[in-house]
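# A closer look at the structure
Listed below are the residues making up each chain.
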Amino acid sequence: MRTVLLATLLLGSLRLFAQRECATHQYTEQQKVIDPTFTQKIIATEQFIQQHQTSVTARGADASANLSVIRVPVVVHVIYNNGSENISDAQIQSQIDVLNKDYRRLNADTANTPDRFKPFTADVQIEFALATADPNGRATTGIIRKYSSTRYWSMDDKIKYSSQGGDDAWDAKNYLNIWVSNTRNLLGYSSEPGCDPAKDGIVINYSAFGTISTVAPYHLGRTATHEVGHWLSLKHIWGDANCGDDLVYDTPSQSMYTSGCPTGVRVTCSNAPLGDMYMNYMDFTNDACMNLFTEGQKQRMRSLFAAGGPRYTLLTSKGLNQPWNKEAPIVEVKTPTIFISIFPNPATDQITLSLNESWIGKEVQIINMNGTLVAKQTVTNAIQKINLQRFAVGGYIIQGSNGDVLLRQKFIKMN
């Protein structure tokens, strides 16, 4: 029976990721609506990139090629609701290893790059490492683990805020923030340079992060390679439009994204004889069929680190330094206090708690602001209702423990 169940779950996962789901373009359009200044910031970033590349061309050589290898400090926020989502250190390190191979063109599958595209390929000369010092100079592994009562996350950025059950970003001027959790059928999305610093970084599904315990066909860590490309201002190779423009001079125009793992020359948008560059990391092909960035993409990404560029401050980040603050490092709280959804809040007749199955059979208590126990109730459902009709008007705290985490949260009773 267990074997049948496992097979069913795996089959469900395969159906879940039948097509790569990167929501970065939709996310960017959403942020333009939320922040009216964001469009202008994107324009300013693009102007900076173009001016930098024009300056490089005028000098007759790629000045970015003369820069030393750029090293980016990374902090990974693991937000989990159950044990399988609390991915291992080894899985996280496997993703860092993939990023370094892909951005340095040291990936073994460079051998799969078609001959017609090999002259365009590039070692981007960007590397990534887990942070060794946090923003306060304390020692860190570069990995933050946090339990959350939220089972699934979407593109609404709640995962980026502790107040919403996620975890706050580290200083985006000095770190690449990566949030890893269960995003269901969404593989990932990324911010673009110029966004709100509190939202700056990438979000990735835990089942597509790294090369350990991941789900094919997105099991080789290329989702992060793709999303980091967006974080460094790369667009999808088809420009998110039919025969659109990705603003890179050496990527052929193509009609739309590519699914699966095609072979041979696929001609669209009059791009013969080269055809679509569907093995580019910024397409939607399977992980096993991606293997290159181009020289033009390299120049675009590295231009962000030029003086005055939106990622320039990362060059002087202390995130990879030896810790200089002797305070004890922040570690995972073994019995964390969770943030849950209580609605409505304030309430009149009743409140509804959004928990999970692990709470069924456990007791929750309600105390008033004087610390007096006024009610207790056994949880019988993950969506638990509590009657408030006999409660006096005022503030209350609901608390409890399921053995793994503590619940302690305020709500208000009104007339």
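Anything mentioned here points back to the structure above.
Attention here is on the structure that accompanies the text. For every chain, the first residue of the written sequence is number 1, and numbering continues from 1 along that sequence. In view of the model being predicted, local features appear only for residues whose pLDDT reaches at least 70, and side-chain atom pairs are presented and counted only at 80 or more, with totals across whole chains, interfaces and linings using the full set of residues. Hydrogens are left out, water is left out, and the side-chain values use all remaining heavy atoms of the structure.

Right, let's talk about the overall build of the protein chain for a bit. Helix and strand assignments follow DSSP, with helices taken as H or I runs no shorter than four residues and strands as E runs no shorter than two, numbered in order from the N terminus. Looking only at helices and strands, the protein chain has six helices and 14 strands in total. As defined in this context, the radius of gyration uses C-alpha atoms, and a globule is described by 2.2 Å times the residue total to the power 0.38. For the protein chain, the C-alpha radius of gyration of 24 Å lies close to 22 Å, the compact-globule estimate for 415 residues. Its C-alpha atoms give the protein chain principal-axis dimensions of roughly 80 × 55 × 40 Å. When burial is assessed residue by residue, the protein chain has 50% of its 415 residues classed as buried. The Shrake-Rupley method, run with a 1.4 Å probe, gives the accessible areas here. Residue values count only the displayed protein chains as cover. When the accessible area of the protein chain is evaluated, it comes to approximately 18,700 Å², of which 54% is carbon and sulfur surface. A residue counts as positive if it is Lys or Arg and as negative if it is Asp or Glu; His and the chain ends are not included. The atoms used to mark charge sites are NZ of Lys, CZ of Arg, CG of Asp and CD of Glu. The average position of the 38 basic charges and that of the 37 acidic charges among the side chains of the protein chain differ by 6 Å. Relative accessible area decides the class of each residue, using a 1.4 Å probe on protein chains only: under 20% of the type maximum gives buried, over 50% gives exposed, and in between gives partly exposed.

Time to look at the environment of Gly 244. Mapped onto the elements, Gly 244 comes out in the loop between helix 5 (222-231) and helix 6 (295-303). Gly 244 sits in the buried class, given a relative accessible area of 15%. Not counting residues within four places of it along the chain, the set of residues in contact with Gly 244 comprises Trp 238, Gly 239, Ser 253 and Gln 254. Any pair of residues with heavy atoms lying within 4.5 Å of one another is described as a contacting pair.

The tendency in soluble globular proteins is for nonpolar side chains to be buried as a group. In terms of nonpolar packing, the biggest core is built from 36 residues, with Val 76, Tyr 103, Phe 128, Val 228 and Leu 232 touching the most fellow members. Only strand 1 (70-80), helix 4 (89-103), strand 2 (126-130), strand 4 (176-181), strand 6 (202-205) and helix 5 provide two or more residues apiece to this core. If you tally residues by element for this core, the top one is strand 1, at five residues. Setting aside residues up to four positions removed in sequence, Leu 232 forms contacts with Tyr 103, Ile 126, Arg 300, Met 301, Leu 304, Phe 305 and Arg 311. Nonpolar cores were defined as sets of buried Ala, Val, Leu, Ile, Met, Phe, Trp, Tyr and Cys residues, with membership established by side-chain atoms within 4.5 Å. Counting 20 residues, the second-largest nonpolar core is a separate cluster that includes Leu 353, Trp 359, Tyr 396 and Leu 407.

Strand-to-strand pairing in sheets goes through backbone hydrogen bonds, with the strands running parallel or antiparallel. Here the rule is simple: two strands pair whenever DSSP picks up at least two bridges between them. The antiparallel open sheet is built from three strands, whose spatial order is 8-9-12. Edge strands, defined here as strands with exactly one partner in the open sheet, are strand 8 (341-343) and strand 12 (383-387). Neighbour-to-neighbour, the strand axes of this sheet turn through a mean angle of 20 degrees, independent of strand direction. Alignment of strand 8 against strand 9 (residues 350-354), held across three bridges, turns out to be antiparallel. Bridge pairing links Ile 342 to Leu 353 in strand 9. Angles here are taken between N-to-C directions and fall from 0 to 180 degrees, while the axes themselves are lines fitted to C-alpha atoms, restricted in helices to the stretch in contact.

Any two cysteine sulfur atoms within 2.5 Å of one another count as a disulfide. Tallied over the full model, the rule gives two disulfides. Sulfur-sulfur distance for the disulfide between Cys 243 and Cys 269 comes to 2.0 Å. Here Cys 243 and Cys 269 share a disulfide; its torsion about the S-S bond, -90 degrees, makes the bridge left-handed. One end of the pair, Cys 243, is in the loop between helix 5 and helix 6; the other, Cys 269, is in the loop between helix 5 and helix 6, and 26 residues separate them in sequence. Given the relative accessible area of 24%, Cys 269 is considered partly exposed. Two residues share a disulfide in this structure: Cys 261 and Cys 289, whose sulfurs sit 1.6 Å from each other.

Here, a salt bridge means any side-chain nitrogen of Lys or Arg that lies within 4 Å of a carboxyl oxygen of Asp or Glu. What the rule picks out here adds up to 15 salt bridges. Residue Lys 32 is joined to Glu 29 by a salt bridge in which the shortest nitrogen-to-oxygen separation is 3.1 Å. Here Lys 32 and its partner Glu 29 are both found in helix 2 (residues 24-34), three residues apart, which amounts to about one turn of the helix. When the shortest N-O distance is used, the salt bridge between Glu 127 and Arg 104 registers 2.7 Å. Placement of the pair is Glu 127 in strand 2 and Arg 104 in the loop between helix 4 and strand 2, with a sequence separation of 23 residues. Residue class for Arg 104 comes out buried when judged on its relative accessible area of 19%. Look at the salt bridges and you will find they share partners, linking Asp 102, Asp 109 and Arg 222 into a network.

In this section: the packing of aromatic side chains. Ring pairs are drawn from Phe, Tyr and Trp, using the six-membered ring of Trp, whenever the two centres fall within 6.5 Å, and their geometry is named by plane angle: stacked under 30 degrees, edge-to-face over 60, tilted for the rest. Inspection of every chain in the model, using the stated rule, returns 12 aromatic pairs. Consider the rings of Tyr 27 and Tyr 189, whose centres lie 4.7 Å apart with planes at 45 degrees: the pair is tilted. Taken together, the residues span a long stretch of sequence, with Tyr 27 in helix 2 and Tyr 189 in strand 5 (residues 188-190) at a distance of 162 residues. Per residue, the accessibility class of Tyr 27 equals that of Tyr 189, and both read buried. Between the aromatic rings of Trp 238 and Phe 284, the centroid separation amounts to 5.0 Å while the plane-to-plane angle is 80 degrees, which identifies the pairing as edge-to-face.

Quick look at unusual backbone geometry now. Look at the link from Ala 216 to Pro 217: it is a cis peptide, with omega at 10 degrees. Looking at the secondary structure, you find Pro 217 in the loop between strand 6 and helix 5. Residue Pro 346 follows Asn 345 across a cis peptide bond; omega there is 10 degrees. Mapping Pro 346 onto the fold places it in the loop between strand 8 and strand 9. Of note, Ser 233 is a non-glycine position whose phi angle comes to about 75 degrees, a positive value. Within the secondary structure, Ser 233 is located in the loop between helix 5 and helix 6. One non-glycine residue, Asp 240, lies in the positive phi region at around 55 degrees.

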